[in-house]
Amino acid sequence: MTTHDLPAALAEIVDDFQALSEPDRLQLLLEFSRELPELPDRLKDHPELLEQVVECQSPLFLAIETEKNDAGPAGAIRLYFKAPPEAPTTRGFAGVLHEGLDGLSAAEILGVPDDMPELLGLTRAITPLRMRGMTAMLGRIKRKVAANSRPTS
């Protein structure tokens, strides 16, 4: 797989990671951890609207919303993550997925290859359990987007 198979924002992130040495990749992951947006108040006050990604080693919760588009098909997908500050790897992965996928269409998100996390070049620097957590985050996002995209009868 190449970055040409990815949406533009995600491809740019992957290119940034691939351009760095392994220790610098970890630093970039920490930057994404610090840049993960806070939950909007409407989700902070209603944790029942968040779904836990149990495969993650650290507690990670997410919510997915589809913007309403009066002109026809559903609009952009919005992603929201909650991860503790003391879990920088998990927050970093969430930050990568937020920056790379938030605002895309359902089709664009569903087209992201399941093994995209491996393209970040962190497989030697991060435990396999943590890598599985990021893969699980992407998988959960794609499953929820697919379920929300099915036409209702």
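Preceding this paragraph is the structure being described.
Just so we're clear, the structure is a prediction, and the values are computed from it rather than from any experiment.

Peer 1: How would you sum up the overall build of the protein? Please name residues and give values.
Peer 2: Looking only at helices and strands, the protein features 6 helices and 3 strands. Each helix and strand of the protein, placed in order from N terminus to C terminus, yields the pattern α-α-α-β-β-β-α-α-α. Relative to the 2.2 N^0.38 estimate, which gives 15 Å for 153 residues, the radius of gyration of the protein is 15 Å and therefore close to what a compact globule would have. Oriented by its inertia axes, the alpha-carbon framework of the protein measures out at about 50 × 35 × 20 Å. Per-residue burial for the protein yields a buried fraction of 44% across its 153 residues. The contacts of the protein with a sequence gap of at least 6 include a subset with a gap of at least 24, amounting to 63%. In the structure as shown, the protein presents an accessible area of about 8200 Å², 51% of it carried by carbon and sulfur atoms.

Peer 1: So what's going on with the nonpolar core? Which residues, and what values?
Peer 2: Counting residues in each nonpolar core, the largest one holds 40 residues, and the members touching the most others are F81, L101 and I141. Where this core is concerned, the elements lending two or more residues are helix 1 (8-18), helix 2 (22-35), strand 2 (61-66), strand 3 (77-82), helix 4 (88-101), helix 5 (106-110) and helix 6 (128-149). If you tally residues by element for this core, the top one is helix 6, at 7 residues. Non-local contacts of F81, meaning those with residues more than four positions away in its chain, are made with L36, P37, L39, L60, F61, L62, A94, L97, H98, M137 and I141. L39, L43, A63 and Y80 belong to the second-largest nonpolar core, a separate cluster that totals 5 residues.

Peer 1: Before we move on, can you summarise the pairing of strand 2 with the specific residues and values?
Peer 2: The pairing of strand 1 (residues 51-52) with strand 2 spans 2 bridges and is antiparallel. Note that in strand 2 the partner of E51 across the bridge is L62. For strand 2 and strand 3, the ladder comprises 6 bridges, and the chain directions are antiparallel. Across the sheet, residue T66 finds its bridge partner in strand 3, namely I77.

Peer 1: Now, about the environment of F32: what can you tell me, with residues and values included?
Peer 2: By the secondary structure assignment, F32 is in helix 2. Along the chain, F32 and A94 lie 62 residues apart, while their C-alpha atoms are 8.0 Å from each other. Not counting chain neighbours up to four residues away, the residues in contact with F32 comprise I13, F17, R91, G92, G95, V96 and E99.

Peer 1: Mind laying out the packing of helix 2 against helix 4, listing which residues take part and the relevant values?
Peer 2: Contact geometry for helix 2 and helix 4: axes closest at 7 Å, N-to-C directions at 75°. Considering their axes alone, helix 2 and helix 4 lie roughly perpendicular with respect to each other. Across the interface between the two elements, L29, L30, F32, S33 and E35 from helix 2 touch P88, T89, R91, G92, F93, G95, V96 and E99 from helix 4. Along the lines of polarity and charge, the residues of the contact of helix 2 with helix 4 split into 6 nonpolar, 4 polar and 3 charged.

Peer 1: Can you lay out the pattern of salt bridges for me, pointing to particular residues and giving the numbers?
Peer 2: All chains considered together, the criterion is met by 9 salt bridges. Salt-bridge contacts for R124 lead to E22; the nearest nitrogen and oxygen are separated by 3.3 Å. Note that R124 is positioned in the loop between helix 5 and helix 6 and E22 in helix 2, a separation of 102 residues in sequence. Using a relative accessible area of 23% as the deciding quantity, one classes E22 as partly exposed.

Peer 1: Kindly report on helix 1, identifying the contributing residues and their values.
Peer 2: Among all positions of helix 1, only L10, A11, I13, V14 and F17 are buried. The arc enclosing the buried residues of helix 1, seen along the axis, measures out at 160°, which places them on a common side. Those residues of helix 1 that are exposed and aimed more than 90 degrees away from the buried face are A8 and E12. Contact partners of the buried residues in helix 1: helix 2 and helix 4.

Rules used in this analysis
Residues numbered from 1 in each chain as written. Predicted model: local features only at pLDDT ≥ 70, side-chain atom pairs only at ≥ 80, totals over all residues. Heavy atoms only, no water. Helix = DSSP H or I, 4+ residues; strand = E, 2+ residues; numbered from the N terminus. Rg over C-alpha atoms; globule rule 2.2 N^0.38 Å. Buried < 20%, exposed > 50% of the residue type's maximum accessible area, 1.4 Å probe, protein only. Contact = heavy atoms within 4.5 Å. Areas by Shrake-Rupley, 256 points an atom, 1.4 Å probe, with all protein chains shown as cover. Core = buried A, V, L, I, M, F, W, Y, C linked by side-chain atoms within 4.5 Å. Pairing = 2+ DSSP bridges. Axes fitted to C-alpha atoms, helices over the stretch in contact; angles between N-to-C directions. Parallel < 35°, antiparallel > 145°, perpendicular 65-115°, else oblique. Nonpolar A, V, L, I, M, F, W, Y, C, P; charged D, E, K, R; others polar. Salt bridge = Lys/Arg side-chain N within 4 Å of Asp/Glu carboxyl O. Arc of directions from axis to C-beta.

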